[in-house]
Amino acid sequence: MTQGHLPPGQTINDVVVRIKQTFTNPNVRSITQVVLKEGPRAFKIATLLEVINPNTGEFHHYSLRIDHVDKNKAGWFAKPEKSVRLEGKEPDEIGKLYQFLKAVYEKTLVGESGELHLVRGEDYAKLEQLLTALPNLPSTDKLHLFQSLLSEIEGTDSSVEEFATAFESGDEDAVRNIAAASRLIGYRKALTELKNLIDDPETSEATLQKHLEKNPWMFGSEYSELLPRKTWTRDDRLDYMLRRTVDNYLEIVEIKTAFRERLFIHDEARDCFYPSSKLSPVIGQVTRYIEEVERNRDAILAKDKVDTLKIRARAIVGRDNPDEQAPLRNLNAHLHRIEIITFDQLIRIAERVLAIFSVGHDAIPKDDVAPFDDDIPF
């Protein structure tokens, strides 16, 4: 069909032959054609190509083209804009179309609703065998299978609602374990990131604040809520205001950096420890926060319906030093409504949360959990 045109004296068979002659690829082993629609003005011809591997001569895939041809008094005219081409390689468009039409013609989709997902026949046969064997598999093998399925699921293509629908008919205990495991994975990653942050001397106070704001569980179960509000008095912006679990009262949490310098200076002449120049300003800062919040208690209570009665503060600063545990404990015992903990102690709190959260799952090897310091409430 020169430029998509044949003279009017030609027949549909001539058109079919001319279409066949347009395929000159040497890797096409056979061509099969059928007229899908025959006139009187519009014609559709399907051409199926069997494509081989040029190196081995073995079958490689099918290629299907459906041509649209119009006939009028001037002759036959091809309509390439109305033509369709499907490929039988990955993705197998021809196979999917075949499975769909087969299901429709066999009426296996009658009364069904929702999205249709096509599976190749040989894959479906394997799936049927797997589903038959599934009830008899031990739980460990089922978990391995579940792990394989998860690795094949594209999270960005699936919504939370779709996952909820998939799990709602599952065993209640199994779904609960899956939910717990999912949260446990997130907690572990967050804890690892915190350890990396405090080990990096370049980590800023703002970076630590941001990470802990995303993971308030690291503060321990004694807190039930992290309040989003930062400003409670005119001139101060607090790092965190948390609600205590036991009595619903508030507590200030101030985050500093995880510096390695000492928190205490030893006075040899008097044989005592006193806060270093790194720690003293922190104590002064949280003392001022407590004073300002208490001074504005009535206004906060009237405006926000939140009582800051006898509010307490916790400051997280520095790292553990071997000979500073006792001085830190003594300091906390004498401070009024203020507690100082190190970032290493915060990590121990988070590890304790993980250990309790994953009871029965061996979440953290015992050797990896730092000894629990009873100086830290949890």
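Residues numbered from 1 in each chain as written. Predicted model: local features only at pLDDT ≥ 70, side-chain atom pairs only at ≥ 80, totals over all residues. Heavy atoms only, no water.

What's the story with the overall build of the chain in this structure? I'm lost.
Broken down by element type, the chain carries 11 helices and 13 strands. Here the chain, with 378 residues, has 33% of them falling under the buried criterion. Taking the contacts inside the chain whose residues are at least 6 apart along the sequence as the reference set, 54% of them involve residues at least 24 apart. Accessible surface for the chain amounts to roughly 24,200 Å². Of this, 53% is attributable to carbon and sulfur atoms. (Helix = DSSP H or I, 4+ residues; strand = E, 2+ residues; numbered from the N terminus. Buried < 20%, exposed > 50% of the residue type's maximum accessible area, 1.4 Å probe, protein only. Contact = heavy atoms within 4.5 Å. Areas by Shrake-Rupley, 256 points an atom, 1.4 Å probe, with all protein chains shown as cover.)

Would you mind going over empty space enclosed by the protein with me for this structure?
A complete count under the given rule lists one cavity of 30 Å³ or more for this structure. Quantified by volume, the largest cavity comes out at close to 30 Å³. Considered class by class, the residues forming the lining of the largest cavity number four nonpolar, one polar and two charged. (1 Å grid on protein atoms, 1.4 Å probe; cavity = no way out; pocket = protein on both sides within 12 Å on 5 of 7 lines; lining within 4 Å. Points joined across faces, edges and corners; volume = space filled by probe spheres on them. Nonpolar A, V, L, I, M, F, W, Y, C, P; charged D, E, K, R; others polar.)

Quick question: what am I supposed to make of the packing of aromatic side chains here?
In this description, an aromatic ring pair is defined by two values, namely the gap between the centres and the angle between the planes. Scanning the model with the defined rule gives five aromatic pairs in all. On the numbers, 4.1 Å between centres and 15 degrees between planes, the contact of Tyr-187 with Trp-217 is stacked. One end of the pair, Tyr-187, is in helix H6 (residues 172-199); the other, Trp-217, is in the loop between helix H7 (205-214) and strand E7 (223-227), and 30 residues separate them in sequence. Residue classification places Tyr-187 among the buried positions, given a relative accessible area of 17%. Trp-217 sits in the buried class, given a relative accessible area of 12%. (Phe/Tyr/Trp six-rings, centres within 6.5 Å; stacked < 30°, edge-to-face > 60°.)

I keep staring at the nonpolar core and nothing clicks. Help me out?
Considering soluble globular proteins, one finds that nonpolar side chains tend to be buried as a cluster. If you look at the biggest cluster of nonpolar residues, it comprises 27 residues, and the most contacted ones within it are Trp-217, Phe-219 and Ile-255. Residues contacting Ile-255, with those up to four places away along its chain left out, are Glu-205, Leu-208, Gln-209, Leu-212, Phe-219, Asp-239, Tyr-240, Ile-316 and Phe-343. Counting residues in hydrophobic clusters, the runner-up holds 26 residues, among them Leu-279, Ala-315, Val-317 and Ile-338. (Core = buried A, V, L, I, M, F, W, Y, C linked by side-chain atoms within 4.5 Å.)

Explain the confidence of the model for the chain here, please?
In regions of low pLDDT, the predicted coordinates are not meant to be interpreted in detail. Averaged over all residues, the pLDDT of the chain is 82; the fraction at 70 or higher stands at 82%. Every residue in residues 360-378 scores below 50 in pLDDT, and together they form 37 contacts with partners more than four places removed in sequence or on other chains. (pLDDT = per-residue confidence, 0-100.)

Can you help me understand the pairing of strand E2 (residues 28-38) in this one?
Looking at chain direction, E2 and strand E3 (residues 42-52) are connected through nine bridges and run antiparallel. By the bridge assignment, Ser-30 is partnered in E3 with Glu-50. The turn linking E2 back onto E3 is made up of three residues, and Gly-39 within it adopts a positive phi angle of 60 degrees. (Pairing = 2+ DSSP bridges.)

What is the right way to look at the side chain of His-68 in this model?
Residue position: His-68 is located in strand E4 (residues 59-72). Setting aside its immediate chain neighbours within four residues, His-68 contacts Ala-42, Phe-43, Lys-44, Phe-77, Ala-78, Lys-79, Lys-82 and Ser-83.

Could you clarify how one ought to interpret the packing of H6 against helix H11 (residues 343-357) in this entry?
Helix-helix packing: each pair is described by the crossing angle between the helix axes and the interaxial distance. Where H6 meets H11, the closest approach of the two axes is 11 Å, and the angle between their N-to-C directions is 165 degrees. When the axes of H6 and H11 are compared, the pair comes out roughly antiparallel. Judged by the twist between their axes, the crossing of H6 over H11 is left-handed. For the pair formed by H6 and H11, the contact residues are Ala-180, Arg-183, Leu-184, Tyr-187, Arg-188, Leu-191, Leu-194, Lys-195 and Ile-198 on the first element and Phe-343, Leu-346, Ile-347, Ala-350, Glu-351, Leu-354 and Phe-357 on the second. In terms of residue class, the contact of H6 with H11 is built from 12 nonpolar, no polar and four charged. (Axes fitted to C-alpha atoms, helices over the stretch in contact; angles between N-to-C directions. Parallel < 35°, antiparallel > 145°, perpendicular 65-115°, else oblique. Left-handed = near helix turned anticlockwise from the far one by under 90°.)

Would you take a moment to explain the pairing of strand E5 (residues 75-78) for this structure?
Along any regular strand, the residues point their side chains to alternate faces of the sheet. The pairing of strand E1 (residues 5-6) with E5 spans two bridges and is antiparallel. Its bridge partner being in E5, His-5 is matched across the sheet by Phe-77. Pairing geometry for E4 and E5, over four bridges, is antiparallel. Within E5, the position partnered with Asn-72 by the bridge is Gly-75. Linking two consecutive strands that pair antiparallel, namely E4 and E5, is a turn of two residues.

Hey, could you run me through the sheet that holds strand E12 (residues 312-316) in this one?
Backbone hydrogen bonds are what pair the strands of a sheet, in a parallel or an antiparallel way. With mixed pairing, the five strands of this open sheet are ordered in space as E7-E8-E9-E12-E13. Of all the strands in the sheet, the pair left with one neighbour each is E7 and strand E13 (338-341). In this sheet, neighbouring strand axes are inclined to one another by 25 degrees on average, regardless of whether the strands run parallel or antiparallel. Sheet topology note: the E12/E13 ladder contains four bridges and is parallel. Residue pairing for E13: Ile-316 is matched across the bridge by Ile-341. The sheet strands contacting helix H8 (residues 280-295) are strand E9 (250-255), E12 and E13, and the helix crosses E9 at an angle near 150 degrees.

I would appreciate a short explanation of the packing of H6 against H7 in the present structure.
Between H6 and H7, the shortest axis-to-axis distance is 11 Å and the interhelical angle comes to 170 degrees. Taken together, the axes of H6 and H7 lie roughly antiparallel to each other. Contacts between H6 and H7 involve Ala-190, Glu-193, Leu-194, Leu-197 and Ile-198 on the former and, on the latter, Thr-207, Leu-208, His-211 and Leu-212. A class-by-class count of the residues in the contact of H6 with H7 yields six nonpolar, two polar and one charged.

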